[in-house]
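An overview of the molecular structure
Listed below are the residues making up each chain.
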Amino acid sequence: MPPGVVLTDIAVAERLLDQPGKISYILVLPDQRPGLQPISVLEPELQLQTPEPAADAASLTDSFHLNLTAFGLLSFAVGLFVVHGTVGLAFEQRRPMFRTLRALGVSLRRLTALVILELAMLAVVAALAGLVLGYLVAAALMPDVAATLRGLYGASVEGGLVLRLDWVLSGLAMALLGTAAASAQALWRLYRMPLLATPGPRSWAAQSERGNQHQAFAGMLLMAGGILAMCLFDGLVAGFWLLGGLMLGSALMLPLALSHLLAFAARRTRGAVSEWFWSDIRAQLPGISLALMALLLALATNIGVGTMVSSFRLTFTGWLDQRLVSELYVTARDDNQGADIAAWLGPRTDVVLPIRSVDIVVLGQPVSLYGILPHSSYSEHFPLLSSVSQVWEQLAAGEAVLISEQLARRTGTWTGDTLTLLPDWTLPVGGVYSDYGNPTGQAVVSLEELLVRRPDTPNRRFGIRIDPSQLDALTVDLRDTFDLPLTGIIRQTALKDRSLATFDKTFVVTGALNLLTLGVAGFTILTSLLTLWDMRLPQLAPVWALGLTRGQLARLELLRSVTLAALTALLALPLGLLLAWALLAIINVEAFGWRLPMFLFPGDWLLLFLLALVAATAAAALPARRLYRTPPSELLKVFADAR
Amino acid sequence: MPAKPYLPAILLWLVSVIGATAQGFAGLATNAEGFEGPRPDVALQFPRDHGPHPGFRIEWWYVTATLTGADGRDYGVQWTLFRSALAPQEAPGWQSPQIWMGHAALTSPDQHYVAERLARGGIGQAGVTATPFAAWIDDWSLAGVGDARLSELSMNAAGSSFAYDLQLKSDGPLVLHGQEGYSVKSEAGQASYYYSQPHYLVRGTLQLPDGPMPVTGQAWMDREWSSQPLSKDQTGWDWFSLSFDSGDKMMAFRLRDGAGDFTSVTWINSDGRSSPIPNGAIALEPLKIADVDERDIPVFWRLVLPDRGIDIAVQALNNQSWMNTSFPYWEGPVSVSGSHTGRGYLEMTGYPPRR
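A word on the overall build of chain A
Counting secondary structure elements, chain A contains 20 helices and 10 strands. When the 643 residues of chain A are sorted by exposure, 29% land in the buried category. For chain A, the share of sequence-separated contacts (at least 6 apart) that also reach a separation of at least 24 residues comes to 79%.

Encoded structure:
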């Protein structure tokens, strides 16, 4: 059973609800014996509503799933880059050992097989750990994901999380195949390594520096491919191609960009230590650039998604203020009570605005058709995106219909077009208004005209305009007079709070994913720095010997990490804004049917910038501390070692 | 709110309400606390008793017809309306505790079509009235003028691939089984009210996938109601309604029990006079077993009733006359050979699946 649903026998239900003999819906099974009289002949007053495929939760949530899959693939690709870099570096570092083993008589075939076995074991361990962590994350996020789906698509999600065998197997396969792909180049080099070659770590770095150019070129190709996909194709998938191309392409271009920035800085500084510092960072770049690429992607995603969510929230808040104009919202138990309440409220309030709607199907889309009375509450506040002149006069005269943005985009109808609401009722579209967070389309017509065609329109909900100081007294009176349940009378403020709470809950998942990516990026920096540690000591020992203390060196190590993070964060800002634009203007329109204005939040960027610096500092803290604690004898030993 | 997924749940619930705590076949041995029970000292009254008895837990209107088509082939038709009460009362609207279940079947030598309907009482979807007589569920109907003998009925039903529309006429009297309609079902004293109108002549049309088929033949109506017709150990029954070419008819059943079977026979002379024959007089012996729905079902029987000089073989027209309904059972037309010849219907319940 979906959450929040009670299923009981109809006899019990009608007693509990005190609605004897009242049936809301009759379900008609799809398979009926041929030759039966159609329902329209049997009971002309009944309306047969065929559920539209568009209202199907599965197809609606497809875009959400695509969203998750796209981001999952993106992080997998980034992971492969990281593995590729790490494995390459690790192989380079172990070359002397491989050489020794070969010299001792271990066959190349056997050595390669052993290395492959080692990689496979590591991949399995990593995959298992990933599965456990993934399960925990999924379990923690499940309620909020369900809330997201319900909030954005109106889809009910069963709350259970089951670990399926195919997930485990596909996770293992992804890890093994991914490791194989990422390690192929390193393995090939190992297999082809001449027995007596003696390349040191620098040659790997030099190779990578040369590779920067190629990498940047590949990045540009990826970006161009993404843009091309957007130009050639429509739809969500093309949108994600654009995002993927932009993000991966930018990541690939990062090392070259950083290298040029650092070279520029090095040229502008004077003084031995400063010049050494900048050159040293640049020399370290190849080893740490993969971690920085991860940081770039994490920061850009944070900026992009954060900008989208904040823009959405700001728009949503403003829209709530426009849409929720009435001070009080009342829901009657039935139509009769509704009429009584409206009559009772009339003299006691500024105005009573009935909220009446029927469900119809327009161009295959389920639509809630609202009828409204002409009032300044609407004309002064309605969030119109586009309209003809004198739209409210036309609406009141029954000569125009207003439609929601979702309906407009889904049906390709805009202001000035015509729309057939009922078989014999076609109206020009007088305007389009925003209606965020609503899975179904909406249309607004004159109530008078609606009642002519659909006299059965329920009359149970009202918006009430009243001086806010009289709200308390009226609420008490209303409840006493009509014995309304607590949920029958809702204040505008409560409604707004509830809507915003739902909104915020919807994006909890996004926040969690952001934190996760940032954490992973920080961790990658840490592991990169630790991996580079062995190479680091021979480089630092001469500087130490020239007079810099270990404390100074450790501080410079921290500063190096922070500098790189800062530069990366600066480069991430334009990428993040580009991502935000793509999300707001392309992905949102395709997935939900509304386009949002983009707002900029420099405060958030500053916070994120500081967060990146903190992550970089934390990642460098351990190596720096190790350097600080290194006994001088170790540093001295560097000069004794014959490498 | 997507409502479609609830539908199977609702149907499942409906069936489980009838069957969940049930014992014996289809819960017919379930305790009948609060319900009325049949009493031998209460005489049946007609046409009143053609109507429903909501104080009793279980009741049925049951017509079987053995027919011959214009193509010369044999056919069988079944029309059944079951009433099952969740509480011994009637109430208006949805509050009614009466649940109705309709079964319709059409059997030919090589095909067996089945349809089932479920309905709530109290809302007009299904029900029975005595005068004028009408029994219906959805668009299936068994209706007549409502005289005491139910001398004229029209009967129709339809499934997804078959339909029938038959006119039934009878000149004979009602037959009251057991002791003036009080029919004992076990040594422990389980009983039901049970009467029949076995004398119908039938004319009408079957709708088969190949097209309409005019038919003529005979039909037999059974009426039975009780609150606990089976004892706890009785697992099912084998029931025969046979019309001999001599004009005589015979109703015989055997209630199967691990400790010993219980049999009952009503002999009906061609002039309509009937006489009950007590437990143990008839011998029923399965001669051939068929594999039906992964069960062992006897489809060829030898019936011996020395009192009446009966020694006959009863053979199913179609071995696979399986009613794959909420409570599955075997029901189909049979032919009679041996000391007597004729046709009839056989119903067998409570044969469990193998394994």
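Side note on the overall build of chain B
Check the secondary structure of chain B and you find 1 helix and 23 strands. When the 355 residues of chain B are sorted by exposure, 48% land in the buried category.

Examining the confidence of the model for chain B
Residues and elements named next belong to chain B. The share of residues in chain B with pLDDT of 70 or more is 91%, and the mean pLDDT across the chain is 88. Note on residues 1-23: pLDDT is under 50 here. Beyond four places in sequence and across chains, it has 22 contacts. Under the prediction, the complex receives an ipTM of 0.74, its pTM being 0.52.

Here we look at unusual backbone geometry
Residues Phe-46 of chain B and Pro-47 of chain B are joined by a peptide bond in cis, for which omega reads 10°. In this structure, Pro-47 of chain B sits in the loop between α1 (6-19) and β1 (58-69). Even without glycine at this site, Asp-18 of chain A takes up a positive phi of about 55°. Its location among the elements puts Asp-18 of chain A in the loop between α1 (10-16) and α2 (39-42). Here Leu-150 of chain B, not a glycine, exhibits a phi torsion of approximately 50°, which is positive. The topology assignment puts Leu-150 of chain B in the loop between β7 (140-144) and β8 (152-158). Judged by C-beta crowding, with 23 C-beta atoms within 10 Å, Leu-150 of chain B ranks as buried.

Structural notes on the environment of Leu-450 of chain A
Residue and element names in this part refer to chain A. Take Leu-450: it is sitting in helix α14 (residues 447-453). Leu-450 gets classed as buried once you count the C-beta atoms within 10 Å, which come to 24. Once the C-alpha coordinates of Leu-450 and Tyr-370 are considered, the two residues, 80 residues apart in sequence, prove to be 8.1 Å apart. The residues touching Leu-450, leaving out its near neighbours within four places in the chain, are Leu-369, Gly-371, Val-445 and Thr-457.

Here's the deal with helix α10 (residues 335-345) of chain A
Residue and element names in this part refer to chain A. Turning to α10, its buried residues are Gly-338, Ile-341 and Leu-345. One face of α10 carries all of its buried residues, which in axial projection span an arc of 65°. Residues of α10 that are exposed and point over 90 degrees away from its buried face: Asn-336 and Ala-343. Looking at the buried residues of α10, the elements they touch are β1 (328-331), β2 (351-362), β9 (461-465) and α15 (471-482).

As for the confidence of the model for chain A
Regions with low pLDDT carry predicted coordinates that are not meant to be interpreted in detail. Looking at chain A as a whole, its pLDDT mean stands at 78, while 87% of the residues score no less than 70. The model gives residues 52-56 of chain A a pLDDT under 50, and that stretch makes 8 contacts with residues more than four places away or in other chains.

Examining the environment of Pro-173 of chain B
Residues and elements named next belong to chain B. Mapped onto the fold, Pro-173 is located in the loop between β9 (163-169) and β10 (175-176). The partly exposed category is assigned to Pro-173, around which 17 C-beta atoms lie within 10 Å. Each C-alpha atom of the pair Pro-173 and Ser-151 lies 8.5 Å from the other, and the pair is 22 residues apart in sequence.

A closer look at the pairing of strand β15 (residues 249-257) of chain B
All names here are of chain B. With respect to burial, β15 is a largely interior element, 7 of its 9 residues being buried. Here strand β14 (residues 234-244) runs beside β15; their pairing, made up of 9 bridges, is antiparallel. In the sheet register, Trp-239 faces β15, and the bridge partner there is Phe-253. The antiparallel pairing of β14 with β15 creates a hairpin that spans 4 residues between the two strands, and Gly-247 there sits at a positive phi of about 100°. Pairing of β15 with strand β16 (residues 262-268) involves 7 bridges; the strand directions are antiparallel. When the bridges of β16 are listed, Ala-252 appears paired with Val-265.

Focus on the packing of helix α9 (residues 272-323) of chain A against helix α19 (residues 602-629) of chain A
Residue and element names in this part refer to chain A. The geometry of α9 relative to α19 is characterised by a closest axis approach of 11 Å and an angle of 155° between their N-to-C directions. What the angle tells us is that α9 and α19 run roughly antiparallel. For α9 against α19, the interelement crossing comes out right-handed. Taking contact as the criterion, the partners of Leu-295, Leu-299, Asn-302, Ile-303, Gly-306 and Ser-310 in α9 are, on α19, Asp-604, Trp-605, Leu-608 and Ala-612. Considering only residue class, the contact of α9 with α19 consists of 6 nonpolar, 3 polar and 1 charged.

Concerning the packing of helix α8 (residues 236-268) of chain A against α9 of chain A
Residue and element names in this part refer to chain A. Running from amino to carboxyl end, α8 crosses α9 at an angle of 155°, the nearest separation of the two axes being 9 Å. With respect to α9, the element α8 is oriented roughly antiparallel. Once α8 is placed against α9, the crossing between them reads as right-handed. Counted together, Met-247, Ser-250, Ala-251, Leu-254, Pro-255, Leu-258, Ser-259, Leu-262, Ala-263, Ala-265 and Ala-266 of α8 and Glu-275, Trp-278, Ser-279, Ile-281, Arg-282, Leu-285, Ser-289, Leu-292, Met-293, Leu-296, Leu-297 and Ala-300 of α9 form the full contact between these two elements. Considering only residue class, the contact of α8 with α9 consists of 17 nonpolar, 4 polar and 2 charged.

A word on the environment of Gln-111 of chain B
Residue placement: Gln-111 of chain B occurs in the loop between β3 (98-107) and β4 (112-120). Measuring from C-alpha to C-alpha, the distance between Gln-111 of chain B and Tyr-75 of chain B comes to 9.6 Å, with 36 residues separating the pair along the chain.

Side note on α9 of chain A
Spanning 52 residues, α9 of chain A covers only 65 Å between terminal C-alpha atoms, well under the ideal 76 Å at 1.5 Å per step. By the largest-angle criterion, Gly-287 of chain A marks the main kink of α9 of chain A, which is about 70°.

Observations regarding the pairing of strand β3 (residues 365-372) of chain A
It is a general feature of regular strands that their side chains alternate between the two faces of the sheet. All names here are of chain A. The pairing of β2 with β3 spans 7 bridges and is classified as antiparallel. Each bridged residue has a counterpart across the sheet, and for Val-358 the counterpart in β3 is Leu-369. The loop that links β2 with its antiparallel partner β3 comprises 2 residues; one of these, Leu-363, has a positive phi angle of about 50°. Relative to strand β8 (residues 441-446), β3 runs parallel, the two sharing 6 bridges.

Cut-off values and rules
Residues numbered from 1 in each chain as written. Chains lettered and ligands numbered in written order. Predicted model: local features only at pLDDT ≥ 70, side-chain atom pairs only at ≥ 80, totals over all residues. Helix = DSSP H or I, 4+ residues; strand = E, 2+ residues; numbered from the N terminus. Buried ≥ 20, exposed ≤ 12 C-beta atoms within 10 Å, placed from the backbone. Contact = placed C-beta atoms within 7 Å. pLDDT = per-residue confidence, 0-100. Arc of directions from axis to C-beta. Pairing = 2+ DSSP bridges. Axes fitted to C-alpha atoms, helices over the stretch in contact; angles between N-to-C directions. Parallel < 35°, antiparallel > 145°, perpendicular 65-115°, else oblique. Left-handed = near helix turned anticlockwise from the far one by under 90°. Nonpolar A, V, L, I, M, F, W, Y, C, P; charged D, E, K, R; others polar. Expected span 1.5 Å × (residues − 1). Bend = angle between axes of the 7 residues up to and from the residue.

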